[in-house]
Amino acid sequence: MTAVINIVLNVLEAVGRFVRESIEHIGFATRSFLTLLRLSPGAFARPALISEQIHFIGNYSLVIIIVSGLFVGMVLGLQGYITLTPYGAEQKLGQVVALSLVRELGPVVTALLFAGRAGTSLTAQIGLMKAGEQLSAMEMMAINPIQRVLAPRFWAGVIAMPVLATIFSAVGVMGGYLVGVQLIGVDEGAFWSQMQANVDVQSDILNGVLKSFIFGIAVTFTALFQGYHAQPTPEDVSRATTRTVVIASLMVWGLDFVLTALMFNN
């Protein structure tokens, strides 16, 4: 009986420790996020820093975004046609492809690709700067590394994400058009007219852009936070890079559920 009680107490102790550490970590991350926002106006005083990071984050992610968007749109066109044909609704293919992309797949897949491509680069870059004591050197010169290094990268990621998601959705629509209209033979007029008639700018497109904007905040901050607070060793920097992909991906899926419930519940 005593052994059972000890096991139960050990389990409760482990659960309590996990909950306490999780709350402490969330509070620390929230305080770091608010500090980043508070110091952000200093980054906008030097827009060249932000534009340089937009090029690094956005331009270097463009190829994988375009290729992925094209193939996702082609798959949607093929699967949508196969699904709609038994109901005689293949003329709705343009609507199905467009809504799937602008509402869900565009923002979500772009955020996941962004976390894997740009997020890991940011974490590794910041982590290596910390390991090389470059951030400490900035502090010795009375330069705030959060304002000088983190803030420009944060806002560059926030700005680049909606642009990349829009490109992904646009290329995906063209991929669906190539398969549905050019390859399978769906009427071209019906494809575009159904899309124009049933895709609303405010409730569909703008909500999708808002989703990608929120995903950009979550993914970019996660990458910077993991890199900035990693231990200055190669092993921990590599672990921080892995944590960035895992945490950012889970945050994207969780936020997607919440945002979808709030935006498209009618």
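Cut-offs applied
- Residues numbered from 1 in each chain as written.
- Predicted model: local features only at pLDDT ≥ 70, side-chain atom pairs only at ≥ 80, totals over all residues.
- Heavy atoms only, no water.
- Core = buried A, V, L, I, M, F, W, Y, C linked by side-chain atoms within 4.5 Å.
- Buried < 20%, exposed > 50% of the residue type's maximum accessible area, 1.4 Å probe, protein only.
- Contact = heavy atoms within 4.5 Å.
- Phe/Tyr/Trp six-rings, centres within 6.5 Å; stacked < 30°, edge-to-face > 60°.
- Lys NZ or Arg CZ within 6 Å of the ring centre and 35° of its normal.
- Bend = angle between axes of the 7 residues up to and from the residue.
- Helix = DSSP H or I, 4+ residues; strand = E, 2+ residues; numbered from the N terminus.
- Arc of directions from axis to C-beta.
- Polar contact = N/O pair within 3.5 Å; in protein donor to acceptor, adjacent residues only side chain to side chain.
- Patch = residues over 30% accessible without salt bridge, like charges linked within 9 Å, V, L, I, M, F, W, Y side chains within 5 Å.
- Areas by Shrake-Rupley, 256 points an atom, 1.4 Å probe, with all protein chains shown as cover.
- Salt bridge = Lys/Arg side-chain N within 4 Å of Asp/Glu carboxyl O.
- Axes fitted to C-alpha atoms, helices over the stretch in contact; angles between N-to-C directions.
- Parallel < 35°, antiparallel > 145°, perpendicular 65-115°, else oblique.
- Left-handed = near helix turned anticlockwise from the far one by under 90°.
- Nonpolar A, V, L, I, M, F, W, Y, C, P; charged D, E, K, R; others polar.

**Some remarks on the nonpolar core**
Move 1: Core analysis: the largest hydrophobic core is formed by 57 residues, its most contacted members being Ile-126 and Leu-150.
Move 2: Once residues lying within four places of it in the same chain are set aside, the contact partners of Ile-126 are Leu-135, Val-149, Leu-150, Arg-153, Leu-224, Gly-227 and Tyr-228.

**Structural notes on the packing of aromatic side chains**
Move 1: Within the structure shown, the criterion is met by seven aromatic pairs.
Move 2: Seen in terms of ring centroids, Phe-191 and Trp-192 are 5.2 Å apart; in terms of plane orientation they differ by 85°. Their pairing is edge-to-face.
Move 3: Assessed through its relative accessible area of 0%, Phe-191 is described here as buried.
Move 4: In this structure an aromatic cluster arises from ring pairing among Phe-33, Phe-154, Trp-155, Phe-221 and Phe-225.
Move 5: The ring centre of Tyr-228 lies 6.0 Å from the NZ or CZ of Lys-130, which sits over that ring.

**Examining helix 4 (residues 93–131)**
Move 1: Bending of helix 4 peaks at approximately 55° at the position of Leu-101.
Move 2: Where helix 4 ends, the next residue or the one after it, Glu-133, has phi of about 60°, a positive value.

**Focus on helix 7 (residues 188–198)**
Move 1: Of all the positions in helix 7, only Ala-190, Phe-191 and Met-195 are classed as buried. One side of helix 7 carries all its buried residues, which in axial view fall inside an arc of 125°. The outward face of helix 7, more than 90 degrees from its buried face, is lined by the exposed residues Gln-196 and Ala-197.
Move 2: Among the residues of helix 7, the N-terminal cap falls to Asp-187, whose side-chain oxygen and the backbone nitrogen of Gly-189 are separated by 3.2 Å.

**Considerations on the side chain of Thr-222**
Move 1: Within the element layout of this structure, Thr-222 appears in helix 8 (residues 201–228).
Move 2: What makes Thr-222 buried here is its relative accessible area of 5%.
Move 3: Contacts of Thr-222, omitting those with residues within four sequence positions, involve Thr-244, Ile-247, Ala-248 and Met-251.

**Structural notes on the environment of Ile-65**
Move 1: Take Ile-65: it is sitting in helix 3 (residues 62–84).
Move 2: In this structure Ile-65 comes out as buried when scored by relative accessible area, which is 1%.
Move 3: For the pair Ile-65 and Thr-110, spaced 45 residues apart in the sequence, the C-alpha separation amounts to 6.8 Å.
Move 4: When neighbours within four sequence positions are excluded, Ile-65 is seen to be in contact with Thr-110, Leu-113, Leu-164 and Phe-168.

**Some remarks on a nonpolar patch on the surface**
Move 1: Judged by side-chain polarity, Ile-7, Val-11, Val-15, Phe-18, Val-19 and Ile-23 come together as a nonpolar surface patch covering roughly 580 Å² of accessible area.
Move 2: Within the secondary structure, Phe-18 is located in helix 1 (residues 2–44).
Move 3: Residue class for Phe-18 comes out exposed when judged on its relative accessible area of 57%.

**Section: the environment of Val-75**
Move 1: Mapped onto the secondary structure, Val-75 falls in helix 3.
Move 2: Note on Val-75: relative accessible area 48%, which makes it partly exposed.
Move 3: Taking the C-alpha atoms as reference points, Val-75 and Glu-52, separated by 23 residues in sequence, lie 35 Å from one another.

**Observations concerning the packing of helix 3 against helix 6 (residues 145–184)**
Move 1: For the pair helix 3 and helix 6, interaxial distance at closest approach is 6 Å and the crossing angle is 40°. Taken together, helix 3 and helix 6 sit at an angle that is classed as oblique. As for the relative orientation of helix 3 and helix 6, their crossing is right-handed in sense. When helix 3 is examined against helix 6, the residues Leu-62, Ile-65, Ile-66, Ser-68, Gly-69, Leu-70, Val-72, Gly-73, Met-74, Gly-77, Leu-78 and Tyr-81 are found in contact with a partner set consisting of Leu-164, Ile-167, Phe-168, Val-171, Gly-172, Gly-175, Gly-176, Leu-178, Val-179 and Ile-184.
Move 2: Looking at the contact of helix 3 with helix 6, its residues break down into 15 nonpolar, seven polar and no charged.

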